[in-house]
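Examining the three-dimensional arrangement
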Amino acid sequence: MSVVGARPNFMKIAPFIEAIDRYNTSASLGEKVEHILVHTGQHYDDNMSRTFFEELGIPQADINLEVGSGTHAEQIAHTMLSFEPVMLDYDPDWVVVVGDVNATSACSQVAKKYNARIAHIESGLRSYDMTMPEEVNRLITDRLSDLLLAPDRMSCDNLKREGASEKSIELVGNIMIDTLEKQIEKADELDLLSIVSENLYEGQDTLESLNEGQYCLVTIHRPCNIDDSSIMDDLVSWFGTEVSDDMTVVWPVHPRAKKMLQQFNLWDEMINNPRIALTSPLGYHELLRLNRDVRMMITDSGGLQEECCVLGTPTIVLRENTERPITLRENGGICMLAGNDIEVVKQKYQEALEMDRRPYRPELWDGKTAERCVEAILSMDDCTAD
Ligand code: UD1
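1. Remarks on the packing of aromatic side chains
Inspection of the entire model under this criterion finds 6 aromatic pairs. A ring pair is formed by Phe-10 and Phe-52, whose centres lie 6.4 Å apart and whose planes are at 45 degrees; its orientation type is tilted. Of the two residues, Phe-10 is situated in helix H1 (residues 7-26) and Phe-52 in helix H2 (residues 46-56); the sequence distance between them amounts to 42 residues. When its relative accessible area of 0% is taken as the criterion, Phe-10 is described as buried. Among the residues examined, Phe-52 registers a relative accessible area of 2% and is labelled buried. An aromatic cluster is present here, built from Trp-238, Phe-239, Trp-251 and Tyr-349 joined pairwise through their rings.

Here's what the structure looks like:
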């Protein structure tokens, strides 16, 4: 049984399900894997969920728990309550969880109480920032997991330092890159200007052109950024002046960010600026297409740091720390931590303007991670059977 809940989970589960299907086509009858997909329903809007299932060819979830929004405790509690009967009904041998969202840790806890074995894909990432809800989710999930499927050696080292046994840790590479590899051709067929024009929020002037290397992409959704009116104020006025003088700003706005921008009375200011293109959340292919030719990315997303690293997009990370240090410049990547102090952000922006694209692929970020995940789970099964 595998579990997804929120947008960043979907691109991680798609290649895993495909790898199971591939394995099953050559496995003998008694060796086939029976797989059930559970969607907790943490993300439920079409453009946060359904679009991704369709684009990435993920089969419809067998079970949708429909937990929806809420505070962290509400979301986690609802997920656990709804997931418990599913565990009782299906009694899976393995529960496979991905990433670090509330669905990941909530379902891990229930799964362990019912003695299922847990495999965690994207294990061992650590920001060492306990104010991040995702860090709490990562720690809980890894502590409960029987198989720790890590994306890079730094993550393996984190797990070892915390006392995880060597035999439970497997370096498999980054599963998001499997999806990137598979989808890049489809993304490349899309037209830059159409992507933005077709997704603009109501009230915005149509864009006349959007040219390669002449726009930047902004994505912001972390509470530490968007819940603070002075940070948002600084960023919005900087985007509206200095940045938009240099290039078009394209900002696909996360639902939570939109809510806060409206609350802080910043929404209208941006809608009325013709050099800022505010769009609804974009699909996977659309964002990937924009990322291919963007001048720079300004983001607080973890997944985008990884995609930008592989594509070589100069990236300013609006965070003080990252659980993905392998993507940073000092470790071979192209991402720069800037936090959210506007003066530091401006300084990093000047540096990014000088940078060329520089793609970097860490070890095993080769598009074959999902296969290694399936192999690792099955070989752990074999060892236990012996
Ligand atoms: C969640 C994940 C975060 C991930 C992010 C990607 C946790 C703790 N956080 O944060 O790790 O990077 O998803 O998007 O799991 N909303 C909608 N429609 C939706 C989903 C959400 O309108 O389909 C709104 C709701 O008002 C909700 C808010 O967005 O209250 C936040 O959603 P939530 O799932 O709580 O957390 P994210 O901020 O999206």
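2. Thoughts on the sheet that holds strand E8 (residues 215-219)
The sheet built from 6 strands is open, its strands ordered E10-E9-E8-E11-E12-E13 with parallel pairing. Looking along the sheet, the strands with just one partner apiece sit at the ends: strand E10 (276-279) and strand E13 (335-337). The sheet shows a mean angle of 20 degrees between the axes of neighbouring strands, direction not considered. Pairing between strand E11 (residues 296-299) and strand E12 (residues 315-317): 3 bridges, direction parallel. Within E12, the position partnered with Thr-299 by the bridge is Val-317.

3. Concerning empty space enclosed by the protein
Under the counting rule described, the total for this entry stands at 3 cavities of 30 Å³ or more. A volume near 50 Å³ is recorded for the largest cavity. Classifying every residue of the lining of the largest cavity gives 6 nonpolar, 2 polar and 2 charged.

4. Observations concerning the layout of surface pockets
Roughly 1300 Å³ of volume is contained in the largest pocket. Taken together, 47 residues line the largest pocket, and the ones lying closest to its centre are Arg-7, His-43, Met-48, His-221 and His-254. Where the lining of the largest pocket is concerned, the elements lending two or more residues are H1, H2, helix H3 (72-90), helix H5 (133-144), helix H11 (255-263), helix H13 (284-293) and helix H14 (302-311). In this model, the second largest pocket occupies a volume close to 580 Å³. Looking at the second largest pocket, it is lined by 22 residues, and the ones nearest its centre are Val-33, Glu-34, Asp-93, Trp-94 and Asp-381. The greatest single-element share of the lining of the second largest pocket, amounting to 5 residues, is contributed by helix H16 (residues 369-385). Counted by class, the lining of the second largest pocket contains 13 nonpolar, 2 polar and 7 charged residues.

5. A few points about the site of the ligand
The full set close to the ligand counts 20 residues, and Gln-42, His-43, Asp-45, Asn-102 and Glu-134 are the nearest of them. A distance of 2.8 Å separates an oxygen atom of the ligand from a polar atom in the side chain of Gln-42. Here an oxygen atom of the ligand and a backbone polar atom of Tyr-44 are 2.9 Å apart. Expressed as a share of its isolated accessible area of 740 Å², the protein-covered part of the ligand is 88%. More than half of the atoms belonging to the ligand lie within 2 Å of the grid points that define the largest pocket. In terms of residue class, the shell around the ligand is made up of 5 nonpolar, 9 polar and 6 charged.

6. A word on the packing of helix H4 (residues 102-113) against H5
Put simply, H4 and H5 touch, their axes get as near as 9 Å, and they point 30 degrees apart. It follows from the interaxial angle that H4 and H5 lie roughly parallel. Crossing geometry of H4 relative to H5 is assigned as left-handed. Each of Asn-102, Thr-104, Ser-105, Ser-108, Gln-109 and Lys-112 in H4 lies in contact with H5, whose residues at this interface are Asn-137, Ile-140, Thr-141 and Leu-144. Each residue belonging to the contact of H4 with H5 can be placed in one class, and the counts come to 2 nonpolar, 7 polar and 1 charged.

Conventions and cut-offs
Residue indices follow the written sequence of each chain, beginning from 1 at its first position. Two thresholds apply to this predicted model, a pLDDT of at least 70 for residue-level local features and 80 or more for giving and counting side-chain atom pairs, whereas whole-chain, interface and lining totals are computed over all residues. Hydrogen atoms and water are omitted, and side-chain values are computed over all heavy atoms in the structure. Working definition: rings of Phe, Tyr and Trp (its six-membered ring) pair if their centres are within 6.5 Å, and the pair is stacked with planes under 30 degrees apart, edge-to-face with planes over 60 apart, and tilted otherwise. Going along the chain from the N terminus, every DSSP run of H or I of four or more residues is numbered as a helix, and every run of E of two or more is numbered as a strand. Exposure is judged per residue with a 1.4 Å probe applied to protein chains only, and the accessible area is read against the type maximum: over 50% gives exposed, under 20% gives buried, and values in between give partly exposed. Note: two strands are recorded as paired if DSSP finds a minimum of 2 bridges between them. Angles here are taken between N-to-C directions and fall from 0 to 180 degrees, while the axes themselves are lines fitted to C-alpha atoms, restricted in helices to the stretch in contact. Both site types are read off a 1 Å grid over the protein atoms alone. A 1.4 Å probe that fits but cannot get out defines a cavity, while an open set with protein on both sides within 12 Å along at least five of seven lines defines a pocket; lining residues have an atom within 4 Å of a point. Grid points are joined across faces, edges and corners, and a volume is the space filled by probe spheres set on the points. Three residue categories are used. Nonpolar comprises Ala, Val, Leu, Ile, Met, Phe, Trp, Tyr, Cys and Pro, charged comprises Asp, Glu, Lys and Arg, and polar comprises the others, including Gly. A molecule or strand has a residue near it when one of that residue's heavy atoms lies within 4 Å. Polar contacts here mean pairs of N or O atoms no more than 3.5 Å apart (in protein, one a potential hydrogen donor and the other a potential acceptor; neighbouring residues in sequence count only if both atoms are side-chain atoms). For the accessible areas, the method is Shrake-Rupley and the probe is 1.4 Å, while residue cover comes only from the protein chains on display. Criterion for pocket placement: a molecule counts as inside a cavity or pocket if more than half of its atoms are within 2 Å of its grid points. Put simply, angles under 35 degrees are roughly parallel, angles over 145 are roughly antiparallel, angles from 65 to 115 are roughly perpendicular, and the rest are oblique. Left-handed is the label given to a crossing in which the near helix is rotated counterclockwise from the far helix by less than a right angle, and right-handed is the label when the rotation is clockwise. Contacts are assigned to residue pairs with any non-hydrogen atoms lying within 4.5 Å of each other.

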